[in-house]
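# Secondary and tertiary structure notes
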Amino acid sequence: MFKGLGNIAGMMKQFSEMQGKMQEMQDKLGQLRFEGSAGGGMVNVEANGQQKILGCKIDQTLFDSGDKEMIEDLLIAATNQALDKAREGAAEEMAQITGGMNIPGLEEALSKFNPNA
């Protein structure tokens, strides 16, 4: 009758360990930096591995040109590039932490995990 309790305790321990690894991974992802650029480097956007935008630099000559639409387009392009690199970097980091194991649903679950929420 109580034999099943040992299995539950073991599962709870594994779950707790997995939570710890997920937190460790999120901390590591927060330290990674990725940069996207557009317009020949006139717009640069920095993101971390948690896909948060950390900074943006726009060359003064773009402001001087007065072309608001072009600045907006370049900003979007640089931001998308930075976020794409962040997603790729996060996927590589997950593969290292999980040892390349293909755990169904893990990538989706980790993408929703946000310790800052």
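Quick note: structure is the one above.
Residues numbered from 1 in each chain as written. Predicted model: local features only at pLDDT ≥ 70, side-chain atom pairs only at ≥ 80, totals over all residues. Heavy atoms only, no water.

Our focus in this paragraph is the overall build of the protein. Within the protein, the regular secondary structure consists of 4 helices and 3 strands. Starting at the N terminus and walking to the C terminus, you meet the elements of the protein as α-β-β-β-α-α-α. Residues counted as buried form 25% of the 117 residues belonging to the protein. When the accessible surface of the protein is summed, it comes to about 8,100 Å², and 54% of that surface belongs to carbon and sulfur atoms. (Helix = DSSP H or I, 4+ residues; strand = E, 2+ residues; numbered from the N terminus. Buried < 20%, exposed > 50% of the residue type's maximum accessible area, 1.4 Å probe, protein only. Areas by Shrake-Rupley, 256 points an atom, 1.4 Å probe, with all protein chains shown as cover.)

For the rest of this paragraph, the subject is the pattern of salt bridges. In the structure shown here, the tally under the stated rule is 4 salt bridges. One salt bridge in this structure joins Glu46 and Arg33, with 4.0 Å as the shortest N-O distance. Here the residue Glu46 occupies a position in strand E2 (residues 43–48), and Arg33 occupies one in strand E1 (residues 33–38), the gap between them amounting to 13 residues. (Salt bridge = Lys/Arg side-chain N within 4 Å of Asp/Glu carboxyl O.)

Of all hydrophobic cores here, the largest spans 12 residues; its members are Phe34, Ala38, Val43, Val45, Ala47, Leu62, Ile71, Leu74, Ala78, Ala82, Leu83 and Ala86. When residues of this core are traced back to their parent elements, those giving at least two are E1, E2 and helix H3 (68–97). Tallying contributions element by element places H3 first for this core, with 6 residues. (Core = buried A, V, L, I, M, F, W, Y, C linked by side-chain atoms within 4.5 Å.)

Time to look at the sheet that holds strand E3 (residues 53–58). Across the sheet, which stays open at both edges, the 3 strands sit in the order E1-E2-E3 with antiparallel pairing between neighbours. One side of each edge strand has no neighbouring strand; the edge strands of this open sheet are E1 and E3. Taken pair by pair, the neighbouring strands of this sheet meet at an average axis angle of 15°, ignoring direction. Contacts from H3 reach E1, E2 and E3, with the element oriented near 150° to E1. (Pairing = 2+ DSSP bridges. Axes fitted to C-alpha atoms, helices over the stretch in contact; angles between N-to-C directions. Contact = heavy atoms within 4.5 Å.)

The end-to-end C-alpha distance of H3 is 43 Å, a good match for the 44 Å that 30 residues give at a rise of 1.5 Å each. Turning to H3, its buried residues are Ile71, Leu74, Ala78, Thr79, Ala82, Leu83, Ala86, Gly89, Ala90, Glu93 and Met94. (Expected span 1.5 Å × (residues − 1).)

To continue, consider the environment of Gly30. Relative to the helices and strands, Gly30 resides in helix H1 (residues 3–31). For the pair Gly30 and Ala90, spaced 60 residues apart in the sequence, the C-alpha separation amounts to 9.8 Å. In contact with Gly30, not counting residues within four places along its chain, are Asn48 and Gln50.

Our focus in this paragraph is the pairing of E3. Two elements, E2 and E3, share 5 bridges in a ladder whose sense is antiparallel. Bridging from a neighbouring strand, Val45 pairs with Cys56 of E3. Between the end of E2 and the start of E3, which pair antiparallel, lie 4 residues, with Gln51 showing a positive phi angle near 65°.

Glancing now at the environment of Gln81. Tracing the chain through its elements places Gln81 in helix H3. When its relative accessible area of 31% is taken as the criterion, Gln81 is described as partly exposed. A C-alpha to C-alpha distance of 9.7 Å links Gln81 and Asn44, two positions 37 residues apart in sequence. Apart from the residues lying within four places of it in its own chain, the contact partners of Gln81 are Glu35, Gly36 and Ser37. In terms of polar contacts, Gln81 uses its side chain to reach the backbone amide nitrogen of Ser37, at 2.6 Å. (Polar contact = N/O pair within 3.5 Å; in protein donor to acceptor, adjacent residues only side chain to side chain.)

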